[in-house]
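Coordinate inspection notes
The primary structure of each chain is shown beneath.
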Amino acid sequence: MKEETGYLRLTIWLSDNKSQKLIVTTRFDDPWLNFGPVIACPPEKAEELFELRPITPAEVRKVIESALEKGWPASAKSHETLFEWNRDSQTLFPYNAG
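Here the focus is the overall build of the chain. Along the backbone of the chain there are three helices and four strands. Of all intrachain contacts in the chain linking residues separated by at least 6 positions in sequence, the fraction that spans at least 24 positions is 50%.

Structural data, given as structure tokens:
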């Protein structure tokens, strides 16, 4: 999984199987790293251009519940299962590196 700016990576381990990881990327523009562009942007465009909402524990819970509904970890073919999380639709889908 390549490192990209503008994304946050969550890594979740099972308490009884530390070798089985769920790795989820989601859109997030760190306001400290993007301070200049954020304050230079017209305020009405900031929400459109940047994802500044922090990910909350409740949202992490939804990610885990969605992964469990999709059969993780039993369906995992390797030690790492990769997903993307759409924060607007609260939907988990397989990671597409392309």
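There is more to say, and it comes next.
With that settled, consider the environment of Ile64. Within the secondary structure, Ile64 sits in helix α3 (residues 57-69). Residue class for Ile64 comes out partly exposed when judged on its relative accessible area of 26%. Remark: the alpha-carbon pair of Ile64 and Val24, spanning 40 residues in sequence, is separated by 9.6 Å.

What follows concerns the pattern of salt bridges. For the structure on display, the rule yields three salt bridges. Here Glu59 and Arg87 are joined by a salt bridge, their closest N and O atoms 3.0 Å apart. Residue Glu59 is located in helix α3, and its partner Arg87 is located in the loop between β3 (80-86) and β4 (91-94); the two are separated by 28 residues in the primary sequence. Exposure class is identical for Glu59 and Arg87. Each is buried. Two residues, Glu65 and Arg61, come together in a salt bridge whose shortest N-O distance is 2.9 Å. Placement of the pair is Glu65 and Arg61 together in helix α3, with a separation of four residues, close to one helical turn. Arg61 sits in the exposed class, given a relative accessible area of 56%.

Estimates place the volume of the largest pocket at around 310 Å³. For the largest pocket, the lining is made up of 17 residues, of which Arg27, Glu51, Arg53, Arg87 and Asp88 are closest to its centre. For the lining of the largest pocket, the elements supplying multiple residues, two or more each, are β2 (17-27), α2 (43-49) and β3. Residues that form the lining of the largest pocket fall into these classes: six nonpolar, three polar and eight charged.

Conventions we followed
- Residues numbered from 1 in each chain as written.
- Predicted model: local features only at pLDDT ≥ 70, side-chain atom pairs only at ≥ 80, totals over all residues.
- Heavy atoms only, no water.
- Helix = DSSP H or I, 4+ residues; strand = E, 2+ residues; numbered from the N terminus.
- Contact = heavy atoms within 4.5 Å.
- Buried < 20%, exposed > 50% of the residue type's maximum accessible area, 1.4 Å probe, protein only.
- Salt bridge = Lys/Arg side-chain N within 4 Å of Asp/Glu carboxyl O.
- 1 Å grid on protein atoms, 1.4 Å probe; cavity = no way out; pocket = protein on both sides within 12 Å on 5 of 7 lines; lining within 4 Å.
- Points joined across faces, edges and corners; volume = space filled by probe spheres on them.
- Nonpolar A, V, L, I, M, F, W, Y, C, P; charged D, E, K, R; others polar.

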